[in-house]
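Remarks on the overall topology
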Amino acid sequence: MRFIKTGITLLFLLHFGKILAQITEITDFSVIHYTDENGLPQNSIKAIMPDPNGFIWLATEDGLARFDGQNFFTFNKTNSPLTGNRIHGFVPSQDRYNISSPDFLAITENIQYININNAGGVSLDTMYARNHELKTPFGRQVRGGLFVMRSLPSINEISTEHEPFLFPAGNNTYYVWCKDKIQFYTGNKISYSVKINLKEFFLIDSHPYGKMSDGQLVHITAAKTPGVVSITGDILNDKSFRLTGSGYKLFWNNIAQKAYMYCNRRFYSLLRGNNHSGLTTTLLVKDFDFDTANITTVYQDKSHNYLFLGSNTLGLYVLRPKDFATTGNRRINNRNEFYAQVQLAEHVILSSQGEVFGEQQGLLKRTDQKRLWGHPEESKFFLAKGKDGAIWKAISPELNNYDPHNGKIISAYRFSTRIKALYVDDNDILWIGGEKDSLYAINSIDKKATPKLITHGNFGEISCMLLLPDNRLMLGTKKGLFQYKRNDAQPVPVKGFENFNIRSLYNSAEGLWITTYGDGLYLLRNGNLTKLPMDKKQFMATAHCVIEDKEGFFWITTNKGLFQVLKSDLIAYANKKQSEVFYFYYNKRNGFNSNEFNGGCQPCGLQLGGQMISFPSIDGLVWFKPGNIKTDLPDNNLFIGNVELDGKEIPLADLGNVPRDFEQLKLTLTTPYFGDISNLHISYSLAKKDENTVWLPVLSDLTVLIPNRSYGEHLLTVRKQNGFGPNNFSYDVFKFYIVPAWYETWLFRIATAILLLGVFWLILKAHTSFLLKKQKTKSLHRRYHISNQVVAAINHDIQTPLHYIAGSVSQIHKFVTENNPENAFISRLSTETIDTINRARTHTTNLLKYIKSQNRNDIANISLSEVNVFDLVSQTCQLLTGTANFRDVTLVNKVGQRATVRSDAKLLSIIVQNLMDNAVKLSEEIVTVSFEMTETGRCIVIEDTAEGLSNEIVVWLNKNYKSYDEWMRDYELPDHKGLGLIIVKDLCILLKIKLEVKAGENSGSVIKLAFLN
């Protein structure tokens, strides 16, 4: 990668590490400069190194900083075990360090060793110093980690009389640099020793090298004489370079074990060759002044193409090569905007201004060829090229055909209207769009041909044209999309695009892709139109142009930057097989002079030889090869960076015990990503177990705000799109538990239910006693009805308490089922309680209906109608299902679905429910209800498998009365507890239903309700 000189410009400050850092745009690379004004805790960077998750860790004099590419989070003595904030640097771990996965610790001024854990946090390592003493060479002779060698150049000059420095090489091997020798150890056992005086000593991939006092580099081996290192590569292109002397500065990262050279404002990496005696240099940065910036520590991320430079006084610089090259010619009215362009040769293009550009060493540059015409601002939106190579350009109202070699006009045609569009199709027809709803055509290679008016209509000003394989000419206009076929009178509008401003058309095997100004990207296939999703900032609304590369990616220009998207993802979305589409966003940081690309022109972009792509922008032509773009995808893991409860930071572990009365829980997410934050597509779902998942986007600062919620365990599921491809998400689930308030515990609810039942019993007893005493003076023949009126009043008073008790016990049952499912006893007890209360409510309701029926006015107003017996019995079976299941009794409804009787529906339901309820409570196997038609009428028959009714009750039930009044005067009560059968007998007489009771054939009873004709 290549870098060129930059100047640093500060943009502005954000609170608590939230960064919009200084961004410097240079020809070949971008530089972002971070200081204590935009996120860093302090400006002295002592060491730089990533952890396995991808976070960059920085040792500063005011804490240990974790950098995720967007924000800094600083660990210091206020939020971590550190007793001091000054971090001296990083040292390799002892047991876990190896060159393929270099594990490291931070060391403080108080000789504390800080371990960096896998979740992006820190902890105190109390065993490092002890293990250092026991396991490493000179462990008991030197003072802890102060003499474990840190990175080069050393901030303080190394004395020639220095104490031994330890260099862990991995796999329990060590080098010890003494003032006059180098020793190699395996564990505590020395393997060899080489006598030598060095100015600096360093390792490259665990191989030892040294710098002599004269600048010569040597390679250390078991041989007594060190080998001289030869230098090859890019540094030899600098004629002023000398290996000896003080002409270069050595940089070395002690954890990564990578070395670099800085010479004459150029920065090079040092790579080992096949033999140890040679080092190859590769130019990384050119004309960046390390001395002025006071750079003292370096880390190179090859996989993502980043270079991190730490200054001893000026903070952190993050450098990345630009992916795109932009060029142009500001000599034309000091303007550099481009629109239409055509390809002249393999890597040569012609702009609508008449300028010729060609590729030189991978860059697009203006050639020495003379401009082909002198009207750069005239009709710059359209160019066309015929198969003969001639260029068509309109200088309205004239259409000119130019020789591409000398710019001479071959032929010219004058129109009565201004020309707004040009397009040469595969049949060599040049289509010409007029300003006033007109379309012309001419054979582009026939020198004798003249333009002809093809059609005229209300289709608007044409902005783009495309001939499809079926010979339909698609016209994109400012009034929508139209299609034209030969012999058609006028272009036909395509439904769905009415009044759309069409910008460009691209046809592929999957369909026609349409970009619009203000409405985004569409796919038209088989007559079906699909609106494709926007990016999260809606920049795709002003899509200008689509070019497909050979890897199946679309490159889409807009007014706010460039997007890359996988075509197969868009197809999957259109087929409803994918709900999210990943758009990767590029902006000025990647190499544009401006984020604003130009559209409304044809061609809207060029692809040269299937590799190089050229797009016009408001400030230059943007050239790039898609295969060379190193897309920095956000594919690292997600973590919770920090947690705040009502504005106060709390440990992550406290999520298991969140108080019930909190107002807001704030979780800040973090993932290592150093590209544009627009490429982080993160959403979350907050729900309890088994609740539906609803995905919401996180806030722009990657925070999730959780308001007060109900008690219990909640699941915060976070997903992140890792890049292109179907369902390319990574998921993380974070649990937090909100403790219930005292009034929400199941013990409190059970106690409340018991208390309410007790109060209900006391009210019932007191109210019944009061009413009975009040009625003692009334006649005996009215006592039965008065007592029932008392019951009716009581039932009226307790309907609401019963309803509340049922609801409360149901909540208790739900709570026990969800939180203590293994306690079968409590679950069964709550189920039985709910069933009992529901039956009590039903019987109370029926009793209330019955008491009301005793009123003389209600008796006179009995409503007779055709009652569907099947529905009546079905409803009763459903009501008694719980009791029947508990007693293992089967309810069988043999009534025909159309069976009816003429009666009062409400009172008849009381009769049937009471009889079936008694049958269920007494039966052992089955209760059957059937329907019979006889010569005298219709019968409802209820059969049970109980022990049978006593003879006294059977005789009493079968006794007939001539009228209801006779029953009221002469009624007799059997020796039987309960009111159920009394109510049945009373209502049967009232409704003139003949009650017939007899014993069953084997056991139980058969009860018939006869409705006489």
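As recorded in an unreviewed UniProt entry, the protein chain goes by Histidine kinase/HSP90-like ATPase domain-containing protein and comes from Dyadobacter psychrotolerans.

**Here we look at the overall build of the protein chain**
Within the protein chain one finds 13 helices and 69 strands. Among the 1013 residues that make up the protein chain, the fraction classed as buried is 54%. Across the protein chain, the fraction of contacts at a sequence separation of at least 24, relative to all contacts at a separation of at least 6, is 54%. Counting only carbon and sulfur atoms, one obtains 50% of the accessible surface of the protein chain, whose full area is about 47,000 Å².

**Digging into the packing of aromatic side chains**
On inspection of all chains with the given rule, the structure shows 59 aromatic pairs. Each ring, one from Y175 and one from F201, has its centre 6.1 Å from the other, and the planes form 55°; the classification is tilted. Of this pair, Y175 sits in strand β12 (residues 173-178) while F201 sits in strand β15 (residues 200-204), placing them 26 residues apart in sequence. Each member of the pair, Y175 as well as F201, is classed as buried. Aromatic pair F324 and Y586: ring centres 5.1 Å apart, planes at 80°, arrangement edge-to-face. Of this pair, F324 sits in the loop between β26 (316-321) and β27 (325-327) while Y586 sits in strand β51 (residues 584-586), and the two are 262 residues apart along the sequence. A residue is classified by how much of its surface remains accessible, and F324, at 3% relative accessible area, is buried. Ring pairs connect the aromatic residues F324, F553, W555, F582, F584, Y586, F592, F597, F615, F624 and F724, which therefore count as one cluster. Against the face of Y248 rests K211, its NZ or CZ located 4.4 Å from the ring centre. Between K688 and the ring centre of Y711, over which it is positioned, the NZ or CZ distance is 5.5 Å.

**Brief notes about the UniProt feature "transmembrane region" (unreviewed entry) in the protein chain**
According to UniProt, the "transmembrane region" (unreviewed entry) feature falls on residues 746-764. Secondary structure within residues 746-764 divides into 100% helix and 0% strand; the distance between the first and last C-alpha atoms comes to 27 Å.

**Points about empty space enclosed by the protein**
Summed over all chains, the structure comprises five cavities of 30 Å³ or more. Space inside the largest cavity adds up to approximately 150 Å³. Taken together, 18 residues line the largest cavity, and the ones lying closest to its centre are Y306, R320, N590, G675 and D676. Counting only elements with at least two residues in the lining of the largest cavity, the list comes to β26 and β51. If you tally residues by element for the lining of the largest cavity, the top one is β51, at three residues.

**Some words on the sheet that holds β15**
Ordered by their spatial adjacency, four strands build an open sheet running β15-β16-β17-β18, and the pairing between neighbours is antiparallel. The outermost strands of the open sheet, each flanked by one partner alone, are β15 and β18 (227-228). Where strand β16 (residues 207-211) lies against strand β17 (residues 217-219), three bridges are found, and the strand directions are antiparallel. Bridge assignment links K211 to a residue of β17, and that residue is L217.

**Some details on the sheet that holds strand β56 (residues 648-650)**
Read from one edge to the other, the open sheet built from four strands follows the order β56-β55-β57-β60, with strand pairing classed as antiparallel. Every other strand in the sheet has two partners, leaving β56 and β60 (703-707) as the edge strands with one partner each. Pairwise comparison of adjacent strand axes, ignoring direction, gives a mean angle of 30° for this sheet. Relative to β60, strand β57 (residues 664-670) is paired through five bridges, and the arrangement is antiparallel. Its bridge partner lying in β60, K666 is registered against L705.

**What about the nonpolar core?**
Ranked by internal contacts, the top residues of the largest apolar core, which has 48 residues, are I911 and L1009. No other element matches the nine residues that helix α10 (residues 905-922) contributes to this core. Dropping the residues within four chain positions of it, I911 is found in contact with V984, L987, C988, L991, I993 and L1009.

**Some remarks on the pairing of strand β20 (residues 249-253)**
With respect to burial, β20 is a largely interior element, four of its five residues being buried. As judged from the five bridges shared by β20 and strand β21 (residues 258-263), these two strands associate in the antiparallel manner. Looking at the pairing, K249 lines up with Y262 of β21. Hairpin geometry of β20 and β21 is characterised by an intervening segment of four residues between the two adjacent antiparallel strands and by a positive phi of about 55° at Q257.

**Some details on the layout of surface pockets**
To find leftover empty space, a probe the size of one water molecule is rolled over the atoms. When its volume is computed, the largest pocket comes out at roughly 1,000 Å³. If you trace the largest pocket, you find 32 residues lining it, with Y423, Q602, P603, G605 and L606 closest to the centre. Listing elements by their share of the lining of the largest pocket, those giving two or more residues are β28 (341-345), β32 (384-385), β36 (419-424), β40 (462-467), β44 (502-508), β48 (545-548) and β52 (606-608). For the lining of the largest pocket, the element with the highest residue contribution is β44, accounting for five residues.

**Notes on the state of the cysteines**
Tallied over the entire structure, the rule returns one disulfide. Across a sulfur-sulfur distance of 2.0 Å, C545 and C604 are joined as a disulfide pair. Here the S-S torsion is close to 60°, and the disulfide linking C545 with C604 is therefore right-handed. In this pair, C545 sits in strand β48 while C604 sits in the loop between β51 and β52, placing the two residues 59 residues apart along the sequence. For the pair C545 and C604, one class covers both residues: buried.

**A look at the packing of helix α8 (residues 869-879) against α10**
Close contact between α8 and α10 brings their axes to 10 Å; oriented N to C, the two are set at 45°. Our classification of the angle between α8 and α10 gives oblique. Read as a crossing pair, α8 and α10 show a hand that is right-handed. Listed contacts from α10 to L872, V873, T876, C877 and L879 of α8 are L908, S909, V912, Q913 and M916. When the residues that make up the contact of α8 with α10 are grouped by side-chain class, the tally is seven nonpolar, three polar and no charged.

**Regarding the packing of α10 against helix α13 (residues 980-990)**
Orientation of α10 relative to α13, taken along the N-to-C sense of each, is 145°, at an axis distance of 9 Å. As α10 packs across α13, the resulting crossing turns out to be left-handed. Contacts between α10 and α13 involve L907, I910, I911, N914, L915 and N918 from the first element and G980, L981, I983, V984, L987, C988 and L990 from the second.

**Observations concerning unusual backbone geometry**
Cis geometry is found at the peptide bond from L152 to P153, where omega equals 0°. Tracing the sequence through the fold places P153 in the loop between α1 (128-135) and β11 (165-170). Between Q602 and P603 the backbone carries a cis peptide bond, its omega angle lying at 0°. Within the secondary structure, P603 is located in the loop between β51 and β52. Located in the positive-phi region is N264, a residue other than glycine, with phi close to 55°. You can see N264 is positioned in the loop between β21 and β22 (266-272).

**Here's the deal with the environment of P659**
Relative to the helices and strands, P659 resides in the loop between β56 and β57. Each C-alpha atom of the pair P659 and A741 lies 8.5 Å from the other, and the pair is 82 residues apart in sequence. Setting aside anything within four residues of it in sequence, one finds P659 in contact with L645, I738 and V739.

About the thresholds
- Residues numbered from 1 in each chain as written.
- Predicted model: local features only at pLDDT ≥ 70, side-chain atom pairs only at ≥ 80, totals over all residues.
- Heavy atoms only, no water.
- Helix = DSSP H or I, 4+ residues; strand = E, 2+ residues; numbered from the N terminus.
- Buried < 20%, exposed > 50% of the residue type's maximum accessible area, 1.4 Å probe, protein only.
- Contact = heavy atoms within 4.5 Å.
- Areas by Shrake-Rupley, 256 points an atom, 1.4 Å probe, with all protein chains shown as cover.
- Phe/Tyr/Trp six-rings, centres within 6.5 Å; stacked < 30°, edge-to-face > 60°.
- Lys NZ or Arg CZ within 6 Å of the ring centre and 35° of its normal.
- UniProt positions renumbered as here; feature names shortened; annotations may be inferred.
- 1 Å grid on protein atoms, 1.4 Å probe; cavity = no way out; pocket = protein on both sides within 12 Å on 5 of 7 lines; lining within 4 Å.
- Points joined across faces, edges and corners; volume = space filled by probe spheres on them.
- Pairing = 2+ DSSP bridges.
- Axes fitted to C-alpha atoms, helices over the stretch in contact; angles between N-to-C directions.
- Core = buried A, V, L, I, M, F, W, Y, C linked by side-chain atoms within 4.5 Å.
- Disulfide = S-S within 2.5 Å.
- Parallel < 35°, antiparallel > 145°, perpendicular 65-115°, else oblique.
- Left-handed = near helix turned anticlockwise from the far one by under 90°.
- Nonpolar A, V, L, I, M, F, W, Y, C, P; charged D, E, K, R; others polar.

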